[in-house]
Amino acid sequence: MTMAFRRASLGAICFLLVLGVAFASWYDDYDDGVKAARAGKWQVVVQKMTSAIAAKGKENSTERTYGAIFINYHPYYYRAVANLNLGKYEQAISDLEKTSGPGELDLGPIETLMQRAKSKLEAQSAPPEPQPSPVPQPSRGPAPQQQPPPLPVPAAPVMDPALRQRADGAVATAQKQMEQALGRKASTNPNYGNGLQSLAQARTRVATAKTNDDLNQAIALANNAGMFFDAATPPGVAPAPPPRVQPVPQPSRQTSATSTILAEDSTLIRKALSDYFAGEFESASRQFTDLSIRQPKNAWIWAFLGASQYSLYAFEANEAYKSQALDSFRRAKVLRKWDGGLPQKYFSKRIRKVFQNAG
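Here the structure is a predicted model, which is why all the values come from computation and not from measurement. All chains use their own residue numbering, which begins from 1 and follows the written sequence. The predicted origin of the model limits local features to residues at a pLDDT of at least 70 and limits the giving and counting of side-chain atom pairs to 80 or more, whereas totals for whole chains, interfaces and linings rest on all residues. As a rule here, side-chain values come from all non-hydrogen atoms in the structure, and water together with hydrogens is ignored.

**What to know about the overall build of the chain**
Within the chain, the regular secondary structure consists of 13 helices and two strands. Each of the 359 residues in the chain was classed as buried or not, and the buried ones make up 34%. Surface accessibility follows the Shrake-Rupley procedure with a 1.4 Å probe radius. Residue values consider only the protein chains on display as shielding. As presented, the chain carries roughly 22700 Å² of accessible surface, and 57% of it is formed by carbon and sulfur atoms. Only runs of H or I of at least four residues qualify as helices and only runs of E of at least two qualify as strands under DSSP, and these elements are numbered from the N terminus. Here the term buried applies to any residue with accessible area under 20% of the maximum for its type, exposed to any over 50%, and partly exposed to those in between, with areas from a 1.4 Å probe on protein chains only.

**Examining the packing of helix α7 (residues 190–208) against helix α8 (residues 212–231)**
Working note: a packed helix pair is described by the angle between its axes plus the distance between those axes. Packing of α7 against α8 leaves a shortest axis separation of 8 Å and a crossing angle of 160 degrees. Judged by the inter-axis angle, α7 sits roughly antiparallel to α8. Relative to α8, α7 is oriented so that their crossing is left-handed. Residues N191, Y192, N194, G195, L196, S198, L199, Q201, A202, R205, V206 and T208 of α7 form the contact with α8, whose own contacting residues are D214, Q217, A218, L221, A222, N224, A225, F228, F229 and A231. Axes here refer to lines fitted to C-alpha atoms; in helices the fit is confined to the stretch in contact. Angles between the N-to-C directions go from 0 to 180 degrees. Should an angle lie under 35 degrees it is considered roughly parallel, over 145 roughly antiparallel, and from 65 to 115 roughly perpendicular; all remaining angles are considered oblique. Take the far helix as the reference: if the near one is turned anticlockwise from it by less than a right angle, the crossing is left-handed, and if turned clockwise, right-handed. Contact definition: two residues touch when any of their heavy atoms are within 4.5 Å.

**Let's talk about the packing of aromatic side chains**
Aromatic ring pairs are described here by two measures, namely the spacing of the ring centres and the angle between the planes. Aromatic rings from Phe, Tyr and Trp, taking only the six-membered ring of Trp, are treated as a pair when their centres fall within 6.5 Å; an angle between ring planes under 30 degrees marks them as stacked, one over 60 as edge-to-face, and anything in between as tilted. Enumeration according to the criterion identifies 19 aromatic pairs in this entry. An aromatic cluster is defined as three or more aromatic residues linked by ring pairs; in this entry it consists of Y276, F277, F281, F288, W300, F304, F329, W338, Y346, F347 and F355. When the NZ atom of lysine or the CZ atom of arginine is within 6 Å of a ring's centre and also within 35 degrees of its normal, the charge is said to sit over that ring. Positioned above the aromatic ring of F355 is the side chain of K333, whose terminal nitrogen or guanidinium carbon lies 5.2 Å from the ring centre.

**Looking at the pattern of salt bridges**
Salt bridges are defined as contacts in which a side-chain nitrogen from Lys or Arg sits within 4 Å of a carboxyl oxygen from Asp or Glu. The tally for this structure, following the rule as stated, stands at six salt bridges. Note that R286 and E282 form a salt bridge whose closest N and O atoms lie 3.9 Å from each other. On the criterion of helical spacing, the pair formed by R286 and E282 is a turn pair, its members being four residues apart in helix α10 (residues 281–294).

**Quick word on helix α13 (residues 349–357)**
The set of residues buried in α13 consists of I351, R352, V354 and F355. Projected down its long axis, α13 shows its buried positions confined to an angular sector of 165 degrees, all on one face. Relative to its buried face, α13 has exposed residues pointing more than 90 degrees away, namely R350, K353 and N357. In this structure, the buried side of α13 is in contact with α11 (299–316) and α12 (319–335). Directions are taken from the helix axis to each C-beta atom, and the arc is the one they span.

**Quick notes on the nonpolar core**
Counting residues in hydrophobic clusters, the biggest one holds 28 residues, and the most contacted among them are Y30, V45 and Y78. Here this core takes six residues from helix α3 (residues 75–85), the largest share from any one element. Leave out the neighbours within four places in its chain, and V45 touches G33, A36, A37, Y78, R79 and A82. By nonpolar core we mean a set of buried residues, namely Ala, Val, Leu, Ile, Met, Phe, Trp, Tyr and Cys, connected to one another through side-chain atoms within 4.5 Å. Of all hydrophobic cores here, the second largest spans 27 residues; its members include W302, A307, L312 and L342.

**What to know about α10**
Each helix should span, by expectation, one fewer than its residue count multiplied by 1.5 Å. Helix length check: α10 (14 residues) gives 20 Å between terminal C-alpha atoms against 20 Å at 1.5 Å per residue, within 8%. Buried residues of α10: F281, S283, A284, S285, Q287, F288, L291 and S292, and no others.

**Here we look at the packing of helix α2 (residues 42–55) against α3**
In the contact formed by α2 and α3, the axes pass within 9 Å of each other and the chain directions differ by 150 degrees. What the angle tells us is that α2 and α3 run roughly antiparallel. The two elements α2 and α3 meet at a crossing, and its hand is left-handed. Between α2 and α3, the residues in contact are W42, V45, V46, M49, T50 and I53 and P75, Y76, Y78, R79, V81, A82, N83 and N85, respectively. Gly falls in the polar group here, along with every residue not listed as nonpolar (Ala, Val, Leu, Ile, Met, Phe, Trp, Tyr, Cys, Pro) or charged (Asp, Glu, Lys, Arg). A class-by-class count of the residues in the contact of α2 with α3 yields 10 nonpolar, three polar and one charged.

**A closer look at the side chain of Q175**
Inspection of the secondary structure assignment puts Q175 in helix α6 (residues 161–183). With near-sequence residues (within four places) excluded, Q175 lies in contact with A39, L199 and R203.

Listed below in C-alpha coordinates is the structure:
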(Lines give C-alpha, C1' and ligand atoms only; values in the text may rest on other atoms or scores of the structure.)
Protein backbone atom coordinates (compact mmCIF):
# COMPACT_ATOMS: atom_id res chain seq x y z
CA MET A 1 0.00 0.00 0.00
CA THR A 2 1.53 3.27 -1.08
CA MET A 3 2.06 6.24 1.22
CA ALA A 4 -0.28 8.38 -0.95
CA PHE A 5 -3.05 5.79 -0.66
CA ARG A 6 -2.64 5.65 3.14
CA ARG A 7 -2.84 9.43 3.40
CA ALA A 8 -5.97 9.52 1.22
CA SER A 9 -7.61 6.78 3.27
CA LEU A 10 -6.75 8.50 6.55
CA GLY A 11 -8.17 11.79 5.21
CA ALA A 12 -11.41 10.11 4.15
CA ILE A 13 -11.80 8.45 7.56
CA CYS A 14 -11.23 11.78 9.35
CA PHE A 15 -13.79 13.47 7.06
CA LEU A 16 -16.39 10.80 7.82
CA LEU A 17 -15.74 11.03 11.56
CA VAL A 18 -16.15 14.82 11.51
CA LEU A 19 -19.26 14.48 9.38
CA GLY A 20 -20.69 11.89 11.79
CA VAL A 21 -20.07 14.14 14.81
CA ALA A 22 -21.70 17.10 13.09
CA PHE A 23 -24.61 14.91 12.00
CA ALA A 24 -25.14 13.49 15.49
CA SER A 25 -25.00 16.97 16.98
CA TRP A 26 -28.25 18.26 15.45
CA TYR A 27 -30.08 15.05 16.35
CA ASP A 28 -28.89 15.14 19.96
CA ASP A 29 -29.90 18.80 20.29
CA TYR A 30 -33.34 18.07 18.83
CA ASP A 31 -33.86 15.05 21.08
CA ASP A 32 -32.81 17.04 24.17
CA GLY A 33 -35.12 19.88 23.09
CA VAL A 34 -38.15 17.57 22.87
CA LYS A 35 -37.36 16.16 26.34
CA ALA A 36 -37.14 19.71 27.70
CA ALA A 37 -40.54 20.51 26.10
CA ARG A 38 -42.08 17.54 27.92
CA ALA A 39 -40.75 18.95 31.20
CA GLY A 40 -41.81 22.54 30.42
CA LYS A 41 -38.20 23.85 30.42
CA TRP A 42 -38.76 26.46 27.74
CA GLN A 43 -35.37 28.24 27.88
CA VAL A 44 -33.66 24.90 27.25
CA VAL A 45 -36.07 24.19 24.37
CA VAL A 46 -35.13 27.48 22.66
CA GLN A 47 -31.41 26.80 23.12
CA LYS A 48 -31.52 23.21 21.85
CA MET A 49 -33.84 23.83 18.92
CA THR A 50 -31.81 26.85 17.82
CA SER A 51 -28.68 24.68 17.77
CA ALA A 52 -30.51 21.97 15.79
CA ILE A 53 -31.81 24.51 13.27
CA ALA A 54 -28.32 25.95 12.78
CA ALA A 55 -27.11 22.51 11.71
CA LYS A 56 -30.24 21.35 9.87
CA GLY A 57 -32.72 24.11 9.10
CA LYS A 58 -35.23 22.20 6.94
CA GLU A 59 -38.09 20.36 8.64
CA ASN A 60 -39.06 16.89 7.53
CA SER A 61 -41.59 14.36 8.84
CA THR A 62 -39.26 11.51 7.83
CA GLU A 63 -35.78 12.88 8.48
CA ARG A 64 -33.02 10.26 8.43
CA THR A 65 -30.78 10.14 11.51
CA TYR A 66 -28.55 7.22 10.64
CA GLY A 67 -29.00 3.94 8.86
CA ALA A 68 -32.68 3.24 8.28
CA ILE A 69 -33.87 5.27 11.30
CA PHE A 70 -36.13 8.25 10.61
CA ILE A 71 -37.65 10.85 12.95
CA ASN A 72 -40.42 13.44 12.80
CA TYR A 73 -38.20 16.56 12.73
CA HIS A 74 -39.98 19.86 13.49
CA PRO A 75 -37.66 22.13 15.52
CA TYR A 76 -39.46 25.38 14.56
CA TYR A 77 -42.69 24.05 16.11
CA TYR A 78 -41.13 23.42 19.53
CA ARG A 79 -39.16 26.68 19.51
CA ALA A 80 -42.41 28.52 18.68
CA VAL A 81 -44.21 26.92 21.65
CA ALA A 82 -41.28 27.77 23.92
CA ASN A 83 -41.17 31.42 22.76
CA LEU A 84 -44.95 31.66 23.25
CA ASN A 85 -44.63 30.46 26.85
CA LEU A 86 -41.70 32.85 27.42
CA GLY A 87 -43.71 35.86 26.20
CA LYS A 88 -41.66 36.27 22.99
CA TYR A 89 -44.69 36.53 20.74
CA GLU A 90 -43.04 37.93 17.59
CA GLN A 91 -40.45 35.14 17.60
CA ALA A 92 -43.22 32.58 18.18
CA ILE A 93 -45.22 33.88 15.18
CA SER A 94 -42.10 33.79 12.99
CA ASP A 95 -41.38 30.15 13.92
CA LEU A 96 -45.03 29.12 13.47
CA GLU A 97 -44.94 30.52 9.94
CA LYS A 98 -41.95 28.29 9.18
CA THR A 99 -43.08 25.01 10.75
CA SER A 100 -45.13 22.40 8.92
CA GLY A 101 -46.54 20.65 11.98
CA PRO A 102 -45.83 19.14 15.40
CA GLY A 103 -43.34 16.37 15.99
CA GLU A 104 -43.87 13.28 18.13
CA LEU A 105 -45.02 15.47 21.07
CA ASP A 106 -48.17 17.36 20.03
CA LEU A 107 -48.50 20.58 22.06
CA GLY A 108 -51.43 22.04 20.13
CA PRO A 109 -52.55 22.85 16.56
CA ILE A 110 -50.52 25.45 14.68
CA GLU A 111 -53.65 27.56 14.02
CA THR A 112 -54.54 27.71 17.71
CA LEU A 113 -50.99 28.59 18.74
CA MET A 114 -50.79 31.27 16.03
CA GLN A 115 -54.08 32.85 17.13
CA ARG A 116 -52.92 32.86 20.75
CA ALA A 117 -49.56 34.44 19.86
CA LYS A 118 -51.17 37.16 17.72
CA SER A 119 -53.76 37.95 20.40
CA LYS A 120 -51.03 38.23 23.06
CA LEU A 121 -48.90 40.43 20.80
CA GLU A 122 -51.85 42.69 19.98
CA ALA A 123 -52.75 43.06 23.66
CA GLN A 124 -49.10 43.76 24.50
CA SER A 125 -48.78 46.40 21.76
CA ALA A 126 -52.11 48.19 22.27
CA PRO A 127 -51.60 51.77 23.56
CA PRO A 128 -53.46 52.71 26.73
CA GLU A 129 -56.77 54.48 26.27
CA PRO A 130 -56.38 58.27 26.75
CA GLN A 131 -58.13 59.58 29.85
CA PRO A 132 -60.05 62.88 29.56
CA SER A 133 -58.59 65.76 31.56
CA PRO A 134 -60.85 66.99 34.37
CA VAL A 135 -62.58 70.32 33.67
CA PRO A 136 -61.99 72.78 36.54
CA GLN A 137 -65.20 74.06 38.10
CA PRO A 138 -65.60 77.59 39.51
CA SER A 139 -65.39 77.79 43.29
CA ARG A 140 -68.77 78.06 44.98
CA GLY A 141 -67.89 77.52 48.57
CA PRO A 142 -66.82 74.27 50.18
CA ALA A 143 -67.51 71.23 48.04
CA PRO A 144 -70.04 68.79 49.47
CA GLN A 145 -68.54 65.71 51.05
CA GLN A 146 -68.47 62.84 48.59
CA GLN A 147 -69.86 59.52 49.69
CA PRO A 148 -67.59 56.56 48.84
CA PRO A 149 -69.03 54.39 46.06
CA PRO A 150 -70.58 51.15 47.23
CA LEU A 151 -68.30 48.15 47.07
CA PRO A 152 -69.21 45.70 44.31
CA VAL A 153 -70.81 42.49 45.50
CA PRO A 154 -68.76 39.57 44.19
CA ALA A 155 -70.65 37.02 42.14
CA ALA A 156 -71.15 33.61 43.66
CA PRO A 157 -68.30 31.31 42.64
CA VAL A 158 -69.17 28.80 39.96
CA MET A 159 -66.62 26.31 41.29
CA ASP A 160 -65.31 25.41 44.72
CA PRO A 161 -61.98 27.28 45.21
CA ALA A 162 -60.69 24.55 47.52
CA LEU A 163 -61.41 21.93 44.85
CA ARG A 164 -59.54 23.97 42.24
CA GLN A 165 -56.58 24.19 44.63
CA ARG A 166 -56.65 20.41 45.04
CA ALA A 167 -56.69 19.97 41.26
CA ASP A 168 -53.70 22.31 40.82
CA GLY A 169 -51.84 20.43 43.56
CA ALA A 170 -52.58 17.04 41.99
CA VAL A 171 -51.20 18.23 38.63
CA ALA A 172 -48.07 19.65 40.30
CA THR A 173 -47.47 16.35 42.14
CA ALA A 174 -47.84 14.36 38.91
CA GLN A 175 -45.35 16.74 37.24
CA LYS A 176 -42.76 15.95 39.95
CA GLN A 177 -43.37 12.21 39.55
CA MET A 178 -42.78 12.60 35.80
CA GLU A 179 -39.47 14.35 36.46
CA GLN A 180 -38.47 11.54 38.83
CA ALA A 181 -39.24 8.97 36.11
CA LEU A 182 -37.08 10.94 33.68
CA GLY A 183 -34.32 11.04 36.27
CA ARG A 184 -34.22 7.26 36.49
CA LYS A 185 -34.25 7.04 32.64
CA ALA A 186 -37.66 5.33 32.46
CA SER A 187 -39.04 7.39 29.57
CA THR A 188 -39.09 4.36 27.22
CA ASN A 189 -41.36 2.37 29.52
CA PRO A 190 -45.00 2.12 28.33
CA ASN A 191 -46.21 3.28 31.75
CA TYR A 192 -44.35 6.56 31.21
CA GLY A 193 -46.23 7.15 27.95
CA ASN A 194 -49.55 6.41 29.67
CA GLY A 195 -48.59 8.87 32.40
CA LEU A 196 -47.87 11.61 29.85
CA GLN A 197 -51.27 11.10 28.26
CA SER A 198 -53.13 11.23 31.60
CA LEU A 199 -51.15 14.30 32.72
CA ALA A 200 -51.94 16.15 29.48
CA GLN A 201 -55.64 15.37 29.93
CA ALA A 202 -55.51 16.57 33.55
CA ARG A 203 -53.90 19.87 32.54
CA THR A 204 -56.55 20.41 29.87
CA ARG A 205 -59.36 19.70 32.36
CA VAL A 206 -57.94 22.24 34.83
CA ALA A 207 -57.38 24.90 32.16
CA THR A 208 -60.90 24.59 30.73
CA ALA A 209 -62.82 23.68 33.89
CA LYS A 210 -66.27 25.24 34.20
CA THR A 211 -67.79 22.97 36.87
CA ASN A 212 -66.75 21.00 39.94
CA ASP A 213 -67.21 17.83 37.86
CA ASP A 214 -64.40 19.02 35.56
CA LEU A 215 -62.09 19.58 38.54
CA ASN A 216 -62.86 16.13 40.01
CA GLN A 217 -62.00 14.60 36.63
CA ALA A 218 -58.72 16.53 36.57
CA ILE A 219 -57.78 15.26 40.05
CA ALA A 220 -58.47 11.63 39.07
CA LEU A 221 -56.47 11.98 35.83
CA ALA A 222 -53.52 13.59 37.63
CA ASN A 223 -53.49 10.86 40.30
CA ASN A 224 -53.55 8.19 37.58
CA ALA A 225 -50.67 9.91 35.80
CA GLY A 226 -48.62 9.84 39.01
CA MET A 227 -49.22 6.09 39.43
CA PHE A 228 -48.14 5.45 35.85
CA PHE A 229 -44.93 7.47 36.32
CA ASP A 230 -44.13 5.62 39.58
CA ALA A 231 -44.63 2.27 37.82
CA ALA A 232 -42.29 3.19 34.95
CA THR A 233 -38.97 1.33 35.26
CA PRO A 234 -35.73 1.90 33.33
CA PRO A 235 -34.45 -0.63 30.76
CA GLY A 236 -33.05 -3.79 32.34
CA VAL A 237 -35.16 -3.52 35.51
CA ALA A 238 -38.02 -5.95 36.07
CA PRO A 239 -41.29 -4.20 35.18
CA ALA A 240 -43.55 -3.21 38.02
CA PRO A 241 -47.12 -4.57 38.07
CA PRO A 242 -49.52 -2.26 36.24
CA PRO A 243 -51.02 0.33 38.60
CA ARG A 244 -54.66 0.12 39.59
CA VAL A 245 -55.81 3.45 38.29
CA GLN A 246 -58.91 5.08 39.73
CA PRO A 247 -61.94 5.59 37.50
CA VAL A 248 -62.42 9.12 36.19
CA PRO A 249 -65.76 10.45 37.53
CA GLN A 250 -68.36 11.15 34.91
CA PRO A 251 -70.15 14.52 34.76
CA SER A 252 -73.44 14.88 36.60
CA ARG A 253 -76.70 14.40 34.71
CA GLN A 254 -77.27 18.16 34.73
CA THR A 255 -73.89 18.83 33.12
CA SER A 256 -74.27 16.01 30.61
CA ALA A 257 -77.78 17.09 29.63
CA THR A 258 -76.67 20.72 29.24
CA SER A 259 -73.86 19.68 26.91
CA THR A 260 -76.26 17.55 24.87
CA ILE A 261 -78.86 20.33 24.53
CA LEU A 262 -76.28 22.97 23.56
CA ALA A 263 -74.17 20.72 21.33
CA GLU A 264 -75.70 21.86 18.04
CA ASP A 265 -75.57 25.57 18.87
CA SER A 266 -72.01 25.19 20.17
CA THR A 267 -70.92 23.83 16.79
CA LEU A 268 -72.58 26.71 14.96
CA ILE A 269 -71.07 29.28 17.33
CA ARG A 270 -67.60 27.79 16.92
CA LYS A 271 -67.91 27.97 13.11
CA ALA A 272 -69.17 31.58 13.23
CA LEU A 273 -66.33 32.61 15.53
CA SER A 274 -63.76 30.86 13.33
CA ASP A 275 -64.95 32.87 10.33
CA TYR A 276 -65.01 36.10 12.36
CA PHE A 277 -61.42 35.76 13.62
CA ALA A 278 -60.29 34.66 10.14
CA GLY A 279 -61.66 37.92 8.67
CA GLU A 280 -64.55 36.22 6.81
CA PHE A 281 -67.00 38.85 8.03
CA GLU A 282 -69.74 38.25 5.44
CA SER A 283 -69.97 34.56 6.36
CA ALA A 284 -69.72 35.35 10.07
CA SER A 285 -72.50 37.95 9.78
CA ARG A 286 -74.85 35.43 8.15
CA GLN A 287 -74.15 32.80 10.80
CA PHE A 288 -74.49 35.17 13.76
CA THR A 289 -77.79 36.39 12.25
CA ASP A 290 -79.07 32.80 12.28
CA LEU A 291 -77.80 32.32 15.83
CA SER A 292 -79.53 35.52 16.99
CA ILE A 293 -82.82 33.92 15.92
CA ARG A 294 -82.00 30.70 17.78
CA GLN A 295 -80.76 32.55 20.88
CA PRO A 296 -82.37 36.00 20.82
CA LYS A 297 -81.37 36.80 24.43
CA ASN A 298 -77.65 35.98 24.08
CA ALA A 299 -75.86 39.34 24.33
CA TRP A 300 -72.55 37.88 23.13
CA ILE A 301 -74.10 36.74 19.84
CA TRP A 302 -75.51 40.24 19.23
CA ALA A 303 -72.12 41.78 20.05
CA PHE A 304 -70.26 39.54 17.57
CA LEU A 305 -73.01 40.09 14.98
CA GLY A 306 -72.57 43.86 15.34
CA ALA A 307 -68.78 43.53 15.08
CA SER A 308 -69.10 41.46 11.88
CA GLN A 309 -71.56 43.95 10.36
CA TYR A 310 -69.42 46.97 11.22
CA SER A 311 -66.33 45.25 9.76
CA LEU A 312 -68.28 44.79 6.51
CA TYR A 313 -69.12 48.53 6.61
CA ALA A 314 -65.42 49.37 7.10
CA PHE A 315 -64.49 47.34 4.00
CA GLU A 316 -67.40 48.21 1.68
CA ALA A 317 -68.52 51.66 2.99
CA ASN A 318 -72.15 50.53 2.80
CA GLU A 319 -74.20 52.59 5.27
CA ALA A 320 -76.73 49.75 5.60
CA TYR A 321 -74.08 47.61 7.34
CA LYS A 322 -73.31 50.45 9.74
CA SER A 323 -76.97 50.87 10.63
CA GLN A 324 -77.35 47.12 11.19
CA ALA A 325 -74.22 47.07 13.37
CA LEU A 326 -75.50 49.87 15.62
CA ASP A 327 -78.85 48.09 16.00
CA SER A 328 -77.05 44.87 17.01
CA PHE A 329 -74.81 46.73 19.49
CA ARG A 330 -77.83 48.42 21.07
CA ARG A 331 -79.54 45.04 21.43
CA ALA A 332 -76.42 43.61 23.12
CA LYS A 333 -76.44 46.52 25.58
CA VAL A 334 -80.10 45.93 26.46
CA LEU A 335 -79.43 42.26 27.22
CA ARG A 336 -76.25 42.69 29.27
CA LYS A 337 -74.37 45.22 31.36
CA TRP A 338 -70.89 45.48 29.83
CA ASP A 339 -68.60 46.72 32.59
CA GLY A 340 -65.68 48.40 30.82
CA GLY A 341 -67.17 47.77 27.38
CA LEU A 342 -66.31 44.92 25.02
CA PRO A 343 -63.14 42.94 25.92
CA GLN A 344 -60.10 43.90 23.83
CA LYS A 345 -58.94 40.29 23.39
CA TYR A 346 -61.94 39.68 21.08
CA PHE A 347 -62.70 43.09 19.58
CA SER A 348 -60.53 45.76 17.96
CA LYS A 349 -60.15 49.23 19.41
CA ARG A 350 -62.33 50.71 16.67
CA ILE A 351 -65.15 48.20 17.24
CA ARG A 352 -65.03 48.80 21.01
CA LYS A 353 -65.33 52.57 20.48
CA VAL A 354 -68.32 52.21 18.14
CA PHE A 355 -69.98 49.86 20.62
CA GLN A 356 -69.37 52.29 23.46
CA ASN A 357 -71.00 55.16 21.52
CA ALA A 358 -73.99 53.14 20.32
CA GLY A 359 -77.10 54.63 21.96
